[in-house]
Structure formats: structure tokens, C-alpha cells
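One letter stands for each residue in the lines below.
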Amino acid sequence: DPAVGLRSLYEFVRSGVISSGSVEEGAEEWGPPVLLVDDLSVLLSLGVNFGDVLDFSHYCRAAVCSQLQGNMVMLVRCNGEEEEDEGDEETEALLKGLTHQCSLNLHVQGLPTGYCKDIHGKEAPMELKPWLPGLSLKK
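On a predicted model such as this, the values are computed, not experimentally measured, just so you know.

Rules and cut-offs
- Residues numbered from 1 in each chain as written.
- Predicted model: local features only at pLDDT ≥ 70, side-chain atom pairs only at ≥ 80, totals over all residues.
- Heavy atoms only, no water.
- Helix = DSSP H or I, 4+ residues; strand = E, 2+ residues; numbered from the N terminus.
- Buried < 20%, exposed > 50% of the residue type's maximum accessible area, 1.4 Å probe, protein only.
- Areas by Shrake-Rupley, 256 points an atom, 1.4 Å probe, with all protein chains shown as cover.

A. Fine view of the overall build of the chain. Broken down by element type, the chain carries 4 helices and 4 strands. Written out in order from the N terminus, the α and β elements of the chain read α-β-α-α-β-α-β-β. Counting across all 139 residues of the chain, residues that qualify as buried make up 24%. When the accessible surface of the chain is totalled, it reaches about 10,500 Å², and 54% of it is carbon and sulfur.

Structure, rendered in C-alpha cells:
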């Protein structure tokens, strides 16, 4: 059952983040935790329902952001508008659900003309929710 696997993955992430926040005597203290998830859409290709992936994201966010005042960065790969697959519907639904959970949605894509020595792609902030606590855009 994929949902059981996600529960175990969440417990692993939660225990790792919580244990990384504890400071041993004489050890250097780190700042708030950051959870990086490289390609959350891989879970969809493994047969996990997008609703379960959204729940996983929500629980991780509650543990990392709310309880420990940390941050999360999640990558979701989308094929783009030119390719339409059946699996893209779940990816798009996942992307929309994550957009509602996030404080900043950054859309990144390669250049349509291909590789360039100086510029490799384009990015644009799609949605910004500055009213969320803890969000600062100062450099």
C-alpha cells in the first residue's frame, strides 16, 4: 500500500529533522531546518495517489515549517504544454495542490531555442503570498 510507505517516509523525515535540531553539548548550533525534496512527482510514477502526496507534503510542512519554524523546497517536474499524457493530469493536480500550500511558486523552464552559453533558461515567480508569517524577501 503506497499510503503506508508515505507514512513511513514521513516518520523518517520527521525524525531526521527533529534529531538534526537537537544540539549536543559543545556542538555548533545550526539555524532552522530546511527540507529539500527533489522531484516530488516521482512518487506519482511509483503509483502513489496525488492526494496522498499532497497529504505527505502537508504533514511535512506542519512538522518543518510550523513546529520547527523551518522551510521547505519541493520540485515538481511537468512536461509542459506541448506534451499531453494521462500521467500529466495527476502531475498538474499535484502542482495545483502544492501551489495552494506554498508561499512562493517559482516556474522554471529551459529556453525554447535550446542551450546558450550565458543563459540556460528562464524563471518567474508565479505566486507570492507575503502575508504568510516568516516570509521575508529582503536580500
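B. Layout of unusual backbone geometry. The phi dihedral of Asp39 falls on the positive side, at around 75 degrees, and the residue is not glycine. Its location among the elements puts Asp39 in the loop between β1 (34-37) and α2 (42-45). Looking at Asp39, the relative accessible area reads 13%, which means it is buried. In this structure, Gln69 is a non-glycine residue whose phi angle is positive, near 55 degrees. Counting through the fold element by element, Gln69 comes out in the loop between α3 (50-67) and β2 (71-74).

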